[in-house]
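The chain contents come next:
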Amino acid sequence: MSVISPELLTRFDVSGPRYTSYPTADRFVEAFGEADYIQVLHQRQSCRVGQQPPLSLYVHIPFCESLCYYCACNKIITQHKDRAATYLRYLTKEVILHSQHLGQGQPVSQLHLGGGTPTFMSDEELGQLMAMLRAHFTFVPGGEYSVEVDPRTVDEGRLAVLAALGFNRLSFGVQDFDPAVQKAVHRIQPTEQVFQLIEASRRLGFESVNVDLIYGLPMQTTASFDRTLEQIKRLRPDRIALYAYAHLPDRFKPQRRIHAEDLPSGSTKVAMLARALDALTEAGYVYIGMDHFALPDDPLAVAKRQGRLHRNFQGYSTQADSDLIALGVSSIGRVGATYSQNAKTMDEYVDALDQGRFPVVRGLALSRDDLIRRSVIMALMCQGHLQFESIDLAWMVDFKTSFAKELLLLEDLQAQDLVQLSETGIQVTPTGWFFVRGVAMVFDRYVQADQSRHRFSKII
Ligand code: SF4
């Protein structure tokens with residue numbers, strides 16, 4: 001029997017946010033700027049030692065050598081490798097500004113290098129980047145230090161450099177092994193190459209290797225995607241992220257190069273997801289939630305069993321809620337009760353730093369209502385259940401009165417076996433876990449007030 005039937009996947013396929021933040025980034029406002037950001041950095045600095053939340057760093061490297069047609073990321077396609085050295089100088093300026101406001105040597109327990117393509121940078125530049133970060137922050141032993149790797153840009157030697165620089169987690173962008181699909185999305189990477197790199201990662205002692213897959217790409221069929229899944233099962237990465245391709249050519253220009261007639265139909269897409277869920281769970285993977293799978297002994301699966309999952313801009317995490325300093329063009333940070341986003345264009349980013357300013361261009365100071373709803377949404381998204389009392393005590397509210405309207409909406413989802421309501425709390429059912437963001441959306445004040453949900457990707 002299927003883990004989840006195509007009928008259910010179709011029935012609950014509505015658009016929804018991914019809740020890597022709440023409120024979601026489309027709610028950020030330009031009224032939040034540099035002065036607000038500096039204020040919240042000072043608030044963090046004035047916390048007594050030991051009372052500050054842990055610190056995470058995200059560094060966005062926007063450059064890519066060639067364009068993948070499905071891309072919806074903020075990136076710059078260039079062959080000019082020298083752009084990385086200039087960018088590194090600006091990242092350094094941005095880090096120095098942070099040290100001035102936060103103090104030197106703040107302990108960091110999580111670092112993620114994302115993009116774009118972080119491995120666009122040469123080994124020397126990556127070494128300089130890490131040395132620069134270490135000169136201003138203290139990386140604590142046992143932290144999670146991860147980097148996104150484009151298999152086309154590395155070999156075993158480069159992976160060894162990443163290990164020597166202190167990275168202990170790798171995430172490979174694979175998407176699909178089928179040559180026709182790779183050609184249609186303009187991303188050719190031979191299967192053998194990916195196998196060799198992942199085997200090398202194991203030899204080099206990386207603690208966790210993630211592989212990203214995408215279903216719904218042009219030229220994909222259920223048969224071709226089954227073959228990719230077979231290969232993934234042989235490869236056996238520790239984690240798998242399985243994303244749905246959302247074709248939004250009006251919003252993402254590169255997608256205009258994808259021919260709509262090459263895309264699998266909605267029902268094929270649903271079949272691919274249902275088969276992937278079956279194949280991966282049969283192969284022993286634990287469905288963590290929201291597109292993520294992990295082997296049972298991976299820290300993410302252990303955290304799920306123990307109710308210690310968290311959620312941040314990279315998806316699910318084992319790390320407790322931390323302040324996130326985001327560096328680089330377009331990156332989004334979270335400090336205290338605020339979110340902030342850097343300038344999306346390189347010109348704006350560079351201009352601000354040349355003037356000695358943080359390149360923050362928008363953000364949000366969360367209201368008390370936002371904070372309460374964020375706790376509710378994250379409890380549902382991470383633990384799959386919520387005790388009313390925990391919110392009552394933490395926020396001095398009466399949950400059932402404050403969320404009477406939402407509880408009424410949940411009755412509908414209860415009738416469809418997605419949640420169970422009791423006198424004391426909300427439990428997401430095993431079926432509901434596959435559509436958990438639909439449950440979370442009930443508590444999203446903005447979504448509930450907004451009819452234009454088509455701005456978000458489909459739930460599946
Ligand atoms: S998908 Fe990744 S590697 Fe491809 S263009 Fe976009 S950011 Fe670059």
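Residues numbered from 1 in each chain as written. Predicted model: local features only at pLDDT ≥ 70, side-chain atom pairs only at ≥ 80, totals over all residues. Heavy atoms only, no water.

(A) Local environment of the domain arrangement of the protein. Structurally, the protein comprises domain 1 (1-7 + 367-451) and domain 2 (31-325). Between the C-alpha centres of domain 1 and domain 2 there is a distance of 28 Å. Across the boundary between the two partners, domain 1 contributes 12 residues, which contact 16 residues of domain 2. Roughly 1200 Å² is buried in total at the junction of domain 1 and domain 2, and carbon and sulfur atoms are behind 66% of that figure. (Domains from an automatic or database assignment. Contact = heavy atoms within 4.5 Å. Buried area = accessible area lost by both parts, 1.4 Å probe.)

(B) Structural detail: the pairing of strand β14 (residues 332-335). Residues I332 and R334 point to one face of β14 and G333 and V335 to the other, with burial holding for every one of them. Of the strand pairs in this sheet, β14 and strand β15 (residues 338-342) are connected by 4 bridges, and their pairing is antiparallel. Bridge pairing in β15 links R334 to Y339. The loop that links β14 with its antiparallel partner β15 comprises 2 residues; one of these, G336, has a positive phi angle of about 55°. (Buried < 20%, exposed > 50% of the residue type's maximum accessible area, 1.4 Å probe, protein only. Helix = DSSP H or I, 4+ residues; strand = E, 2+ residues; numbered from the N terminus. Pairing = 2+ DSSP bridges.)

(C) Structural view of the pattern of salt bridges. Evaluation of the coordinates by the stated rule reveals 19 salt bridges. A salt bridge links D369 to R445; the nearest nitrogen and oxygen atoms lie 2.9 Å apart. Within this pair, whereas D369 is found in helix α12 (residues 368-382), its partner R445 is found in helix α17 (residues 445-449), the two being separated by 76 residues in sequence. In the salt-bridge network here, residues are joined through shared partners; they are D369, D370, R373, E406 and R445. (Salt bridge = Lys/Arg side-chain N within 4 Å of Asp/Glu carboxyl O.)

(D) Seen up close, the site of the ligand. Close contacts around the ligand come from C64, S66, C68, Y70, C71, C73, G116, T117 and R187, and that covers them all. In terms of residue class, the shell around the ligand is made up of 5 nonpolar, 3 polar and 1 charged. (Near = heavy atom within 4 Å. Nonpolar A, V, L, I, M, F, W, Y, C, P; charged D, E, K, R; others polar.)

(E) Local environment of helix α13 (residues 388-395). The complete set of buried residues in α13 reads F388, I391 and D392. Along the axis of α13, the buried positions cluster into a sector of 105°, meaning they face one direction only. Summarising the geometry of α13, the exposed residues directed more than 90 degrees from the buried face are E389, L393 and A394. Positive backbone phi, approximately 55°, marks M396, located one or two places after α13. (Arc of directions from axis to C-beta.)

(F) Region of interest: the side chain of Q319. You can see Q319 is positioned in the loop between β12 (315-317) and β13 (323-327). One polar contact links Q319 to S109, side chain to side chain, over a distance of 3.2 Å. Contact partners of Q319, with chain neighbours within four places excluded, come to S109, Q110, E144 and H310. (Polar contact = N/O pair within 3.5 Å; in protein donor to acceptor, adjacent residues only side chain to side chain.)

(G) Looking closely at the side chain of D178. Tracing the backbone shows D178 in the loop between β6 (169-175) and α6 (179-184). Aside from chain neighbours lying at most four places away, what touches D178 is S224, R227 and T228.

(H) Molecular detail of the sheet that holds strand β17 (residues 385-387). Taken in spatial order, the 3 strands line up as β17-β19-β18 in an open sheet, and their pairing is antiparallel. With one partner strand each, in any of the chains shown, β17 and β18 (419-421) form the two edges of the open sheet. In this sheet, neighbouring strand axes are inclined to one another by 15° on average, regardless of whether the strands run parallel or antiparallel. Bridge count for β17 against strand β19 (residues 425-428) is 3 bridges, and the pairing is antiparallel. Its bridge partner lying in β19, L386 is registered against I426. Relative to β17, α13 is tilted by about 55°, and along the sheet it contacts β17 and β19. Strand contacts of helix α15 (residues 404-415): β18 and β19, with the helix running at about 125° to β18, the strand carrying the most contacts. (Axes fitted to C-alpha atoms, helices over the stretch in contact; angles between N-to-C directions.)

(I) Representation of a negative patch on the surface within the structure. A cluster of like negative charges, contributed by E30, D347, E348 and D351, occupies part of the molecular surface. Mapping D347 onto the fold places it in helix α11 (residues 346-354). Residue classification places D347 among the exposed positions, given a relative accessible area of 61%. (Patch = residues over 30% accessible without salt bridge, like charges linked within 9 Å, V, L, I, M, F, W, Y side chains within 5 Å. Areas by Shrake-Rupley, 256 points an atom, 1.4 Å probe, with all protein chains shown as cover. Lys, Arg positive; Asp, Glu negative; His and termini not counted. Charge placed at Lys NZ, Arg CZ, Asp CG, Glu CD.)

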